[in-house]
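# Commentary on secondary and tertiary structure
The chain contents come next:
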Amino acid sequence: MNRDKVIVKTSIIGILANVFLASFKAIVGILSSSIAIVLDAVNNLSDAMSSVITIIGTKLAGKRPDKNHPYGYGRIENLSTVLISVIVLYAGITSLVESIKKIIRPSVPDYSAAALIIVAAAVIVKIFLGLYVKKTGEKVKSDSLIASGSDALLDSVISASTLVAAAIYLIFDIRTEAWLGAVISLVIIKSGLEMLGDSLSNIIGKRISSEFSKEIKQTVCSFPEVQGAYDLVLHNYGPDLMIGSVHIEVPDTLTVAELDKLEHRITETVLEKHKVILTGISVYAANTKNDKATQMYSDIRRNVMSHEYIMQIHGFYLDEENMTIHFDIIIDFAAPDSAELYDHILTETQQAYPDYNVSITLDTDISD
């Protein structure tokens, strides 16, 4: 079964379960005059709507690439997650308003044994549903499913809280439903804001995980000719399409034909192991016939790395014929003034080697 079918199937199960739970909770909440249970029912309906949006988003994201969108429509899934977040936020804000009204003008709840049993059953259903949806989402890399699963698990805690409120009322005759409803609303709002922040971060361009970046670089460096992999850039066009580029450091003795074969092997291996398409592989040449270059790089590296906020130096090459020294540096985003630090290192290196023309490229800290 392919990814889209799994997401649709899981979402349909979520819709049916949430509509079923919402119906029973709404009836129980109205009959028992419990605002907490009614709000919980509303939250179940918002979960069902989220599943509908997930299905629509998955279908649209699965459209074939065309001339106007050569990389396909995979990013629509990020937009569907934004819509889900907005729905969750709306449900939370609406619930908070109703809870405040009940706090100002409280009503007397009427809990029956049947009502409490139904709520308890809902807690169990939500736990299993949440675990199933979240696990499936992680398996197929669907942010929408993961968010829905996490929200369902949160709902189980919220539903359990209504049982606590009922117990407090039945034992101590203290009404906490409206206050509990307010707490539930705030939890829903917090969940919606977190979901919205994550989805917007993906749309803006989120940094790839350190683990994934290191795995790809490790694969690239597994080839004997490659002495280092740097500046890995990845662009996400959906869960099934990630395109990027990388710089590799290789001996300066390799021929163009050998480099061409090496790049093809790297591209094929990275695609097979990590499902990433490397559309560009740039080359750093490493000195192999100049002992002076080794000592010079060691001295320059020691000096450069002694500066605060310098994360890495790479791509060093000494060209004796043209009397040039070139290397790249990466400055931490936390640096107060990266341009000033860059100029300082350039001036410092140039003064140390006045007979050479020093060229430094300032790279961005885009991946670990």
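Data block above holds the structure.
Let me begin by describing the structure that accompanies this report. Each chain has its residues counted from 1, running along the sequence as written. The predicted origin of the model limits local features to residues at a pLDDT of at least 70 and limits the giving and counting of side-chain atom pairs to 80 or more, whereas totals for whole chains, interfaces and linings rest on all residues. With hydrogens and water set aside, each side-chain value is computed from the structure's full complement of heavy atoms.

## Let's talk about the pattern of salt bridges
Selection rule: The rule for a salt bridge is simple: a side-chain nitrogen of Lys or Arg has to be within 4 Å of a carboxyl oxygen of Asp or Glu. Buried residues are those whose accessible area, probed at 1.4 Å on protein chains only, stays under 20% of the maximum for their type, while exposed residues exceed 50% and partly exposed ones sit between those limits.
Under the defined criterion, the tally for this structure stands at 8 salt bridges. Across the pair Asp-4 and Arg-3 runs a salt bridge, and its minimum N-O distance is 3.9 Å. Look at Asp-4 and you get partly exposed, because its relative accessible area is 27%. What you see here is one network of salt bridges that share partners, running through Arg-3, Asp-4 and Glu-77.

## Some remarks on the nonpolar core
Convention followed: Among the buried residues, those of types Ala, Val, Leu, Ile, Met, Phe, Trp, Tyr and Cys that are joined through side-chain atoms within 4.5 Å form a nonpolar core.
Counting residues in each nonpolar core, the largest one holds 20 residues, and the members touching the most others are Met-296, Ile-300, Val-304, Phe-316, Ile-325, Phe-327 and Ile-329. Formed by 19 residues, the second largest nonpolar core is a distinct cluster that contains Ile-208, Val-226, Leu-234 and Ile-248.

## Focus on the packing of helix H3 (residues 76-104) against helix H6 (residues 177-204)
Here is the rule we go by: In this analysis, axes come from line fits to C-alpha atoms, helices being fitted only over the stretch in contact, and the angle between any two N-to-C directions falls in the range 0 to 180 degrees. In this text, helices come from DSSP runs of H or I with a minimum length of four residues, and strands from runs of E with a minimum of two, each type numbered from the N-terminal end. Every angle not falling under 35 degrees, over 145, or within 65 to 115 is termed oblique; those three ranges are roughly parallel, roughly antiparallel and roughly perpendicular. By definition, turning the near helix anticlockwise from the far helix through less than a right angle yields a left-handed crossing, and turning it clockwise yields a right-handed one. Each residue gets one label: Ala, Val, Leu, Ile, Met, Phe, Trp, Tyr, Cys and Pro are nonpolar, Asp, Glu, Lys and Arg are charged, and the others, such as Gly, are polar.
Packing of H3 against H6 leaves a shortest axis separation of 8 Å and a crossing angle of 160°. In terms of their interaxial angle, H3 and H6 are classed as roughly antiparallel. For the crossing formed where H3 meets H6, the hand is left-handed. Here the contact of H3 with H6 is composed, by residue class, of 19 nonpolar, 11 polar and 1 charged.

## Concerning the sheet that holds strand E4 (residues 310-319)
Put simply, the rule is: The criterion for strand pairing is that DSSP finds at least two bridges linking the strands in question. Throughout, a residue-residue contact means that at least one pair of heavy atoms, one from each residue, lies within 4.5 Å.
The strand order across the open sheet built from 3 strands is E4-E5-E6, with neighbouring strands paired in mixed fashion. Bordering the open sheet on either side are E4 and strand E6 (357-363), each of which pairs with just one other strand. Taken over all neighbouring pairs, the strand axes of this sheet differ in orientation by 20° on average, direction set aside. Pairing geometry for strand E5 (residues 324-331) and E6, over 7 bridges, is parallel. In the sheet register, Phe-327 faces E6, and the bridge partner there is Ile-360. The sheet contacts of helix H9 (residues 291-305) involve E4 and E5, and relative to E4 the element is tilted by about 155°.

## Topic: the environment of Ser-46
Of note, Ser-46 is situated in helix H2 (residues 35-61). Given the relative accessible area of 6%, Ser-46 is considered buried.

## So, the pairing of E4
Among the 10 residues in E4, 7 count as buried, and that is most of the element. With 7 bridges connecting them, E4 and E5 associate as antiparallel partners. Each residue of the ladder has a partner; that of His-314, found in E5, is Asp-328.

## Description of the environment of Cys-221
One can find Cys-221 in helix H7 (residues 210-221). For the pair formed by Cys-221 and Thr-58, sequence separation is 163 residues and the distance between their alpha carbons is 36 Å.

## Describing unusual backbone geometry
In this structure, Tyr-309 is a non-glycine residue whose phi angle is positive, near 80°. Position of Tyr-309 among the secondary structure elements: in the loop between H9 and E4. Not every positive phi belongs to a glycine, and Met-323 is a case in point at roughly 55°. The residue Met-323 is located in the loop between E4 and E5 in this model.

## Details of helix H10 (residues 338-352)
So the rule is basically this: What a helix should span is 1.5 Å times the count of its residues minus one. Of all possible arcs, the one meant is that of the directions from the helix axis to the C-beta atoms. Under this definition, polar contacts are N or O atom pairs within 3.5 Å; protein pairs additionally need one hydrogen-donor-capable and one acceptor-capable atom, and for neighbouring residues in sequence, both atoms have to be side-chain atoms.
Compared with the 21 Å implied by 1.5 Å per residue over 15 residues, the 21 Å span of H10 between its first and last C-alpha is a close match. Within the sequence span of H10, burial applies to Leu-341, Tyr-342, Ile-345 and Thr-349. Projected down its long axis, H10 carries its buried residues within an arc of 100°, all on one side. The outward face of H10, more than 90 degrees from its buried face, is lined by the exposed residues Glu-340 and Gln-351. In this structure, the buried side of H10 is in contact with H9, E4, E5 and E6. Backbone nitrogen of Ala-339 and a side-chain oxygen of the N-cap are separated by 3.2 Å at the start of H10; the cap is Asp-337.

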